[in-house]
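Chain and residue survey
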Amino acid sequence: MALKEITSRQNHFIKYAASLKERKNRDIEHSCIVEGRNLLKDMAGSDISLRFLFVSRSFYGKEGAGTLLERLMQKAGRSFLIEDRLMEHLSTTESSPGILAVVETKAMGIEEAEVSKESFYLILDRLQDPGNLGTIFRTASAFGVTGVILFTPHVDPYNPKTVRASSGAIFTVPLYSAGNADIPCIKEMKSKGMALFSTSSKGGHLLPEWPCTTPMAVILGNESRGISPELRQLADKEIRVPMKPAVESLNVSITAALICYRSYELRFLAKR
């Protein structure tokens, strides 16, 4: 399987990949850019399909690149060898890693989120920081979260910074999109036995005493404004992380990590 060479910035595939630097084009095309050896190495061993693969001449000549390229080319619809200057044009980082892919994205509607006996969802209310969102997806993957529900308006989940922070988990943990008009869907999930918790800095169950049972979902709020009243009033109970009084709150991704670990500990480790 050969790499087709591209030398012009005016090439259709180059122009298409470059357009995905903008959110509006990612939304329209349902595709995004993924770059870097480590990220793509993980994807090579997954069932994620690549639309296009771009390899710079300098990366192509690196020791040990052949095996990875062979695996990625088998997954890619089309594969291209491009000049280093073109890779710099496509790259979303200050220093291009020399290998980049266009990957299809998939965000489902909240109505597709199913409630089963073991369900554990994170509901993220209007998160705006790409690093926080990516870190939460990586944490969700590590601790067996069923899916992540994003309430709008929120940061683009396929922002390059989010993709990098998630270490690719943004493509493996089911993602559901929702807005205030979808509040009835949350109520329907609760009617199926799903317990709903909201995080709090003032009241509720302390995390070490959290009555964690599935199915359940936990709501985490916007970095500066917290959880909206519309979502908070749906919660059955609140949970909070114990900390020194001088500290008002934690970063939302840290809070999510503590909650996910505690849930994992109670759902899986305690049963061993």
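Figured I'd write up the structure that's included with this text. (Residues numbered from 1 in each chain as written. Predicted model: local features only at pLDDT ≥ 70, side-chain atom pairs only at ≥ 80, totals over all residues. Heavy atoms only, no water.)

Here we take up the side chain of Asn222. Looking at where Asn222 falls in the secondary structure, it is placed in the loop between strand E12 (216-220) and helix H10 (229-232). Here the side chain of Asn222 touches Ser224 through a polar contact of 2.9 Å, landing on its backbone nitrogen. Apart from residues no more than four positions distant in its own chain, Asn222 is found in contact with Asp125, Arg126, Leu127 and Gln128. (Helix = DSSP H or I, 4+ residues; strand = E, 2+ residues; numbered from the N terminus. Polar contact = N/O pair within 3.5 Å; in protein donor to acceptor, adjacent residues only side chain to side chain. Contact = heavy atoms within 4.5 Å.)

The element strand E8 (residues 147-151) is largely enclosed, with a buried count of five among its five residues. Side chains Gly147, Ile149 and Phe151 project from E8 onto one buried face, and the interleaved Val148 and Leu150 project onto a second face that is buried too. At this point the chain moves from strand E7 (residues 120-125), through helix H7 (residues 130-142), to the parallel E8, and the crossover so formed is right-handed. Looking at chain direction, E8 and strand E9 (residues 175-178) are connected through four bridges and run parallel. Among the inter-strand pairings, Ile149 is bridged to a residue of E9, identified as Tyr176. The β-α-β motif built from E8, the intervening helix H8 (residues 160-166) and the parallel element E9 has right-handed crossover chirality. (Buried < 20%, exposed > 50% of the residue type's maximum accessible area, 1.4 Å probe, protein only. Right-handed = clockwise from strand over helix to strand, strands pointing away. Pairing = 2+ DSSP bridges.)

A word on the packing of aromatic side chains. In total, this model carries eleven aromatic pairs according to the counting rule given. An angle of 85 degrees between the planes, with centres 6.0 Å apart, marks the rings of Tyr16 and Phe52 as edge-to-face. Linking Tyr16 in helix H1 (residues 12-19) with Phe52 in strand E3 (residues 50-56), this pair joins segments that are 36 residues apart in sequence. Like Tyr16, the residue Phe52 is buried in the burial classification. Among the aromatic residues, those joined into a cluster by ring pairs are Phe13, Tyr16, Phe52, Phe54 and Phe80. (Phe/Tyr/Trp six-rings, centres within 6.5 Å; stacked < 30°, edge-to-face > 60°.)

Right, let's get into the nonpolar core. If you look at the biggest cluster of nonpolar residues, it comprises 55 residues, and the most contacted ones within it are Val34, Leu122, Leu124, Phe171, Trp210 and Val218. Here this core gets five residues from one element, more than from any other, and that element is helix H5 (residues 65-75). Judged by nonpolar contacts, the second largest core, of 20 residues, contains Met108, Ala113, Phe151 and Leu196. (Core = buried A, V, L, I, M, F, W, Y, C linked by side-chain atoms within 4.5 Å.)

Moving on to the sheet that holds strand E10 (residues 195-199). Ordered by their spatial adjacency, eight strands build an open sheet running E6-E9-E8-E7-E12-E10-E13-E11, and the pairing between neighbours is parallel. Taken across any chain shown, the strands that pair with only one partner, and hence form the sheet edges, are strand E6 (108-109) and strand E11 (205-206). Looking at chain direction, E10 and strand E13 (residues 237-240) are connected through three bridges and run parallel. In the sheet register, Phe197 faces E13, and the bridge partner there is Lys237. Packing against the sheet, helix H9 (residues 183-191) makes contact with E7, E8 and E10, and its axis sits at approximately 150 degrees to E8. Relative to the sheet, helix H11 (residues 252-267) contacts E7, E10, E12 and E13, its axis offset from that of E12 by approximately 165 degrees. (Axes fitted to C-alpha atoms, helices over the stretch in contact; angles between N-to-C directions.)

Another point: a nonpolar patch on the surface. A cluster of nonpolar side chains, Met243, Val247, Leu250, Ile254 and Leu258, forms an exposed patch at the surface whose accessible area comes to about 360 Å². You can see Leu250 is positioned in the loop between E13 and H11. (Patch = residues over 30% accessible without salt bridge, like charges linked within 9 Å, V, L, I, M, F, W, Y side chains within 5 Å. Areas by Shrake-Rupley, 256 points an atom, 1.4 Å probe, with all protein chains shown as cover. Salt bridge = Lys/Arg side-chain N within 4 Å of Asp/Glu carboxyl O.)

A separate point is the sheet that holds strand E1 (residues 4-6). Backbone hydrogen bonds hold the strands of a sheet together, and the pairing may be parallel or antiparallel. Taken together, the five strands give an open sheet; going across it, the order is E1-E4-E3-E5-E2, and neighbouring strands pair in mixed fashion. Each end of this open sheet is capped by a strand with a single partner; those strands are E1 and strand E2 (31-35). Adjacent strand axes in the sheet meet at a mean angle of 25 degrees when their direction is disregarded. Bridge analysis of E1 against strand E4 (residues 76-82) gives three bridges, and the strand direction is parallel.

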